[in-house]
Amino acid sequence: MFSSFFFFVFPIVSITVSGESMLPTYKNGKKLLIKKKWFFCTLNKGDIVVFYHPQNKKILIKRILEKNNNEFILIGDNISKSTDSRTFGSVCKKNIIGKVIY
């Protein structure tokens, strides 16, 4: 409860990468800082974002491949190990939590 409160309130939060979908950019266990989209955060092609999976609401991390208004095509850097927009389609901006800043 305590940590989830901070995750939603603070403009910058820390997450830990789980899995191999973003190799070689980020290894499993790598800690990242995320800037929330509501805190002066612009989202551009090539940015790496954290978002809620459109169907099961699991938190994922992927790179923006394409951006069309409020819809994003997201893809993992390790294509052979990534479940991304090729599987679940585009992601609405409302499902994006923020982008990786470090």
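As shown above, the structure is provided for reference.
Computed from a predicted model, the values in this text were never measured in an experiment.

Conventions adopted
- Residues numbered from 1 in each chain as written.
- Predicted model: local features only at pLDDT ≥ 70, side-chain atom pairs only at ≥ 80, totals over all residues.
- Heavy atoms only, no water.
- Helix = DSSP H or I, 4+ residues; strand = E, 2+ residues; numbered from the N terminus.
- Buried < 20%, exposed > 50% of the residue type's maximum accessible area, 1.4 Å probe, protein only.
- Contact = heavy atoms within 4.5 Å.
- Areas by Shrake-Rupley, 256 points an atom, 1.4 Å probe, with all protein chains shown as cover.
- Pairing = 2+ DSSP bridges.

With respect to the overall build of the protein chain
No. 1: Within the protein chain, the regular secondary structure consists of two helices and seven strands.
No. 2: For the protein chain, with 102 residues in total, the buried portion stands at 37%.
No. 3: A fraction of 49% describes how many contacts in the protein chain between residues 6 or more apart in sequence connect residues 24 or more apart.
No. 4: Of the roughly 6,300 Å² of accessible surface on the protein chain, 58% is carried by carbon and sulfur atoms.

Focus on the environment of Leu-23
No. 1: Summarising the element assignment, Leu-23 is placed in the loop between strand E1 (12–16) and strand E2 (31–36).
No. 2: Of the residues examined, Leu-23 reaches a relative accessible area of 25% and is grouped as partly exposed.
No. 3: Sequence separation between Leu-23 and Gly-76 is 53 residues, and the spatial gap between their C-alpha atoms is 8.2 Å.
No. 4: With residues up to four places along the chain from it excluded, the contact list for Leu-23 reads Asp-77 and Asn-78.

Focus: the sheet that holds strand E3 (residues 48–52)
Adjacent strands of a sheet pair through backbone hydrogen bonds, lying either parallel or antiparallel.
No. 1: Here we have seven strands laid out as an open sheet, ordered E1-E2-E7-E3-E4-E5-E6, and antiparallel in their pairing. In this open sheet, the two edge strands, each paired with only one partner strand, are E1 and strand E6 (91–92).
No. 2: Here five bridges tie E1 to E2, and the two strands are oriented antiparallel to one another. If you follow Thr-16 over to E2, its bridge partner there is Lys-31.

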